[in-house]
Each structure stands twice: as C-alpha cells, then as structure tokens.
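One letter stands for each residue in the lines below.
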Amino acid sequence: MTRILLAALAVALLLSGVQTFRADRLKAALVIANAELKQLREYRDTAKADAQTQADQCLSRVNEARQSARRIETIIERPTHVDPQGCAVRELVPADELREALQPAAPPA
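A short tour of the structure in this document, coming up.

Conventions used here
Residues numbered from 1 in each chain as written. Predicted model: local features only at pLDDT ≥ 70, side-chain atom pairs only at ≥ 80, totals over all residues. Heavy atoms only, no water. Helix = DSSP H or I, 4+ residues; strand = E, 2+ residues; numbered from the N terminus. Contact = heavy atoms within 4.5 Å. Salt bridge = Lys/Arg side-chain N within 4 Å of Asp/Glu carboxyl O. Buried < 20%, exposed > 50% of the residue type's maximum accessible area, 1.4 Å probe, protein only.

All right, on to the side chain of serine 68 then. Assignment of secondary structure puts serine 68 in helix H1 (residues 2–76). With sequence-adjacent residues up to four places away left out, serine 68 is seen in contact with Ala101 and Leu102.

And the structure:
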C-alpha cells in the first residue's frame, strides 16, 4: 500500500512538474507574442503616418497644379481686341508671366 501511495505521489509530482514546465513555456510564448504585437503596432503606426504624409504631399501637388491651371486659364481667356479693320488682335503675353504660370508655386517660407 505504501508503494502505491509513493507511486501515486511520484506521479503527482511528475505531473505537477510537467504542468509547471508547460506554464513556463506558455509564459515565454506570451512574452514573445506581446513583443511581436508591439512591433506590429509600431509598424502599423509608422505605415499610417507614412500614408498620411504621402496623401498630404499628393494633395499639395494637386493644389499646385490647380493654381497653375488657373493662372494659365487667365492667360488664355484674356479678351481679344478688334482693330480698326475688324480683325481680332490678341496682346502678347510676357515670357515671365508664362514661366510663372507653368512653374509650381514657391513653397511657403
């Protein structure tokens, strides 16, 4: 009977050791998973910030193109004058004005 009790006690100790080993292994896996989760969150935050930066830059370029298009439109839509013979005469556009209209706006200082 004593042998059975000792065997049962040995099996119980062995199983508790296995359970402790499993618990330690799970704790280690949890630490690793939390570290990976932290890295993924940082990556996501960086990706969001990069995406927002790219969107802002794109919007800025679109706005610059729209401003340039408006300046070009004002040059193109200037009224034509009629000379004494009845012919339509357009005035010359200075080269500086054309150059300024075609180039993007200067960045704000």
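On we go from here.
Turning our eyes to something else, we now look at the pattern of salt bridges. Tallied over the entire structure, the rule returns three salt bridges. Here glutamate 97 and arginine 78 are joined by a salt bridge, their closest N and O atoms 2.1 Å apart. Of this pair, glutamate 97 sits in helix H2 (residues 95–102) while arginine 78 sits in the loop between H1 and strand E1 (81–82), placing them 19 residues apart in sequence. Residue arginine 78 is classed as partly exposed on the basis of its relative accessible area, which comes to 22%. Linking aspartate 96 and arginine 99 is a salt bridge whose minimum nitrogen-to-oxygen distance equals 2.7 Å.

Everything listed here is a matter of coordinates, which is why it stays silent on function.
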